[in-house]
Amino acid sequence: MNIFKIKVMKNKSKKIVSKFSFTDKRTRSEKVKSFFQSLVFWRGRKKGIIHTRNIELDDFRYIFFPKGFEKYGYLGTHLWNEEGSYFKALYPLVLALDYEAKPKLCPRWFLRFLHVFGSDRSIVRVRNWTLHDLLRKLTKGIAFVDWKTKWYDYDLRISIHAPEYLQELASAIEDRFYSTGRQKEIVEQIKAIDPDASIIWGSIERLEKQLEKLENDNRSTT
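S.K.: Provide a residue-level description of the overall build of the protein chain, including the pertinent values.
M.R.: When its secondary structure is counted, the protein chain shows eight helices and four strands. Scanning the protein chain from its N terminus toward the C terminus, one meets helices and strands in the order α-α-β-β-α-α-α-α-β-β-α-α. Within the protein chain, contacts between residues at least 6 apart in sequence are counted, and of these 48% link residues at least 24 apart. Carbon and sulfur atoms form 57% of the exposed surface of the protein chain, whose accessible area is close to 15700 Å².

Written out as structure tokens, the structure is:
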């Protein structure tokens, strides 16, 4: 019985080493050199399939003199067209993400600085791990990962890293955008058949039934 206990204790004491573990074998001086290289006006670097950008004057303009929506650029994805329907739909979400992510005493220019020199102004690349991790810590990991449309131009898909209530806000925006876009599409089809048709907005199902009835009536008269 005692022998069995000893064997179990020995097995538990064995350290499990992952075959995917990575050890940074650079010397201290090499790490320090790499850190400062990522801070200065420096060319991008390549390691395997990973490339980092060249830091340009426009990056400093972005940090200290952002244009419009760029001031929230540290969150990740940008909305380039500030006049379109997608911008109007997503802007409230960005404001909510910024409110939750930005520390009260931390200026946005510093977060944009970390975004450029730490995350290479990207949501997938890392230029400097120390600065990248600091940005994640300050913003509590909140980020605007991506947005796109899938099957239709009103089928909006939003991806964010955020607390549950912000995830629910993103879902509500997706649902609202889809409902509005689909209703407009159906109304156009209704008006093509009957320009004088009375329209009651608010329900996709009701408009689809109205369109179906018009189509059936149109077939029966031809």
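S.K.: Run through the environment of Asp59, naming residues and quoting values.
M.R.: By the element assignment, Asp59 lies in helix H3 (residues 57-64). In this structure Asp59 comes out as buried when scored by relative accessible area, which is 1%. Apart from the residues lying within four places of it in its own chain, the contact partners of Asp59 are Arg53, Asn54, Val116 and Arg121.

S.K.: Describe the packing of helix H7 (residues 164-193) against helix H8 (residues 204-220), naming the residues involved and giving the relevant values.
M.R.: Running from amino to carboxyl end, H7 crosses H8 at an angle of 20°, the nearest separation of the two axes being 10 Å. By the criterion of interaxial angle, the relationship of H7 to H8 is roughly parallel. As for how H7 packs across H8, the hand of that crossing is left-handed. Here H7 contributes Tyr178, Ser179, Arg182, Gln183, Ile186, Val187, Gln189, Ile190 and Ile193 to the contact with H8, which in turn contributes Ile204, Leu207, Glu208, Gln210, Leu211, Leu214 and Glu215.

S.K.: So what about the packing of aromatic side chains? Which residues, and what values?
M.R.: Per the counting criterion, the structure on display carries 14 aromatic pairs. Look at Phe110 and Phe113: their rings are 6.2 Å apart centre to centre, the planes differ by 15°, and that puts the pair in the stacked class. Taken together, the residues Phe110 and Phe113, both in helix H5 (residues 108-117) and three residues apart, mark about one turn of the helix. For Phe110, a relative accessible area of 26% corresponds to the partly exposed category. Positioned over the ring face of Tyr62 is Arg121, at 3.9 Å from the centre of the ring.

S.K.: Please give an account of H7 that cites residues and values.
M.R.: With 30 residues, H7 extends 44 Å from end C-alpha to end C-alpha; this agrees with the ideal 44 Å at 1.5 Å per step. Listing the buried residues of H7 in full gives Leu166, Ala170, Ile173, Glu174, Phe177, Gly181, Arg182, Gln183, Ile186, Val187 and Ile190. At its buried positions, H7 is contacted by helix H4 (85-101), strand S4 (156-161) and H8.

S.K.: Could you give me a rundown of helix H6 (residues 129-138), with the residues and numbers involved?
M.R.: Along H6, the positions that sit buried rather than exposed are Leu131, His132 and Leu135. Across the axial projection of H6, the buried residues extend over an arc of 105°, all falling on one side. Residues of H6 that are exposed and angled more than 90 degrees away from the buried face: Trp129, Thr130 and Lys137. Buried residues belonging to H6 abut H5. You can read the cap of H6 off the contacts: a side-chain oxygen lies 3.0 Å from the backbone nitrogen of Thr130, and it is on Asn128. Lys140, located one to two residues past H6, shows a positive phi value of around 60°.

S.K.: If you had to explain unusual backbone geometry to someone new, which residues and values would you point to?
M.R.: The backbone of Asp120 sits at a positive phi, close to 60°, despite the residue not being glycine. Residue placement: Asp120 occurs in the loop between H5 and H6.

So, how was this worked out
Residues numbered from 1 in each chain as written. Predicted model: local features only at pLDDT ≥ 70, side-chain atom pairs only at ≥ 80, totals over all residues. Heavy atoms only, no water. Helix = DSSP H or I, 4+ residues; strand = E, 2+ residues; numbered from the N terminus. Contact = heavy atoms within 4.5 Å. Areas by Shrake-Rupley, 256 points an atom, 1.4 Å probe, with all protein chains shown as cover. Buried < 20%, exposed > 50% of the residue type's maximum accessible area, 1.4 Å probe, protein only. Axes fitted to C-alpha atoms, helices over the stretch in contact; angles between N-to-C directions. Parallel < 35°, antiparallel > 145°, perpendicular 65-115°, else oblique. Left-handed = near helix turned anticlockwise from the far one by under 90°. Phe/Tyr/Trp six-rings, centres within 6.5 Å; stacked < 30°, edge-to-face > 60°. Lys NZ or Arg CZ within 6 Å of the ring centre and 35° of its normal. Expected span 1.5 Å × (residues − 1). Arc of directions from axis to C-beta. Polar contact = N/O pair within 3.5 Å; in protein donor to acceptor, adjacent residues only side chain to side chain.

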